[in-house]
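# Secondary and tertiary structure notes
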Amino acid sequence: MPVPAVPPQARAPSFSAAEFRQGLSMFATGVTIVTARRADGQLIGLTANSFNSVSLNPPLVLWSLAQAASSMAALSAGSHYAINILASDQKALAERFAKRGADRWSGVAWHEGVAGAPLLDGAAAVFECFNRSRYEEGDHVIFVGEVEHCAHRPGASPLLFHGGRFYTEHPL
């Protein structure tokens, strides 16, 4: 079979950005807050639901961030960050860390992780990551973290996001 001279390319989308976003919202996800420190020690954190496991050996996870995010420079340059998987009783934290211009850290209970990233008290699970690699795709950057330490809270109910609303699990 002859090899095509020009590699195939994707067709232009046949849907609007709003339709795409609505379709994506039908995929139920967990909710995380990614936390780190700037070079000057200032705490940073943001709500993200674009989290996934990549590999068990080595232990790798990924998440993505909009290229236009105000925290992009600090997260790209930093050596470590933490991914805090939220429990069902942490909805208010998810909303707070998703707002622009809010004082995200005021009154938040946290402790310092092994490499200095802030870890949120009460999270269902925490992954402390070395900032291994980044890939620019579209209007986002995909961060791959090598997990150096992890912990979880047995029995914690997860905070879920689906169709623009928060939920928790209900066993079938």
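Above this text you will find the structure in question.
About the cut-offs
Residues numbered from 1 in each chain as written. Predicted model: local features only at pLDDT ≥ 70, side-chain atom pairs only at ≥ 80, totals over all residues. Heavy atoms only, no water. Helix = DSSP H or I, 4+ residues; strand = E, 2+ residues; numbered from the N terminus. Buried < 20%, exposed > 50% of the residue type's maximum accessible area, 1.4 Å probe, protein only. Contact = heavy atoms within 4.5 Å. Areas by Shrake-Rupley, 256 points an atom, 1.4 Å probe, with all protein chains shown as cover. Lys, Arg positive; Asp, Glu negative; His and termini not counted. Charge placed at Lys NZ, Arg CZ, Asp CG, Glu CD. Salt bridge = Lys/Arg side-chain N within 4 Å of Asp/Glu carboxyl O. Phe/Tyr/Trp six-rings, centres within 6.5 Å; stacked < 30°, edge-to-face > 60°.

### Remarks on the overall build of the protein
On a plain count of helices and strands, the protein comes out with three helices and twelve strands. Structurally, the protein occupies a C-alpha span of about 60 × 40 × 35 Å along its principal axes. Taken across its 172 residues, the protein has 33% of its residues classed as buried. Within the protein, residue pairs in contact and separated by at least 24 positions form 62% of the contacts whose partners lie at least 6 positions apart. In the form shown here, the protein has an accessible surface area of approximately 10900 Å², with 57% of it arising from carbon and sulfur atoms. Taken together, the 13 basic and 14 acidic charged side chains of the protein have centroids lying 6 Å from each other.

### Quick notes on the pattern of salt bridges
Scanning all chains against the criterion turns up three salt bridges. With a closest N to O distance of 3.2 Å, Lys91 and Glu95 form a salt bridge. Within this pair, Lys91 and its partner Glu95 are both found in helix H3 (residues 91-98), separated by four residues, close to a single helical turn.

### Considerations on the packing of aromatic side chains
Each aromatic ring pair is specified by the distance between its two centres and by the angle formed by the two planes. One pass over the full model with this rule turns up eight aromatic pairs. Relative to Phe20, the ring of Phe15 lies with its centre 5.6 Å away and its plane at 25°, an arrangement referred to as stacked. Relative accessible area serves as the criterion here: at 42%, Phe15 is assigned to the partly exposed category. In this structure Phe20 comes out as partly exposed when scored by relative accessible area, which is 46%. Ring geometry for Trp105 versus Trp110: centroids 6.1 Å apart, planes at 70°, classification edge-to-face.

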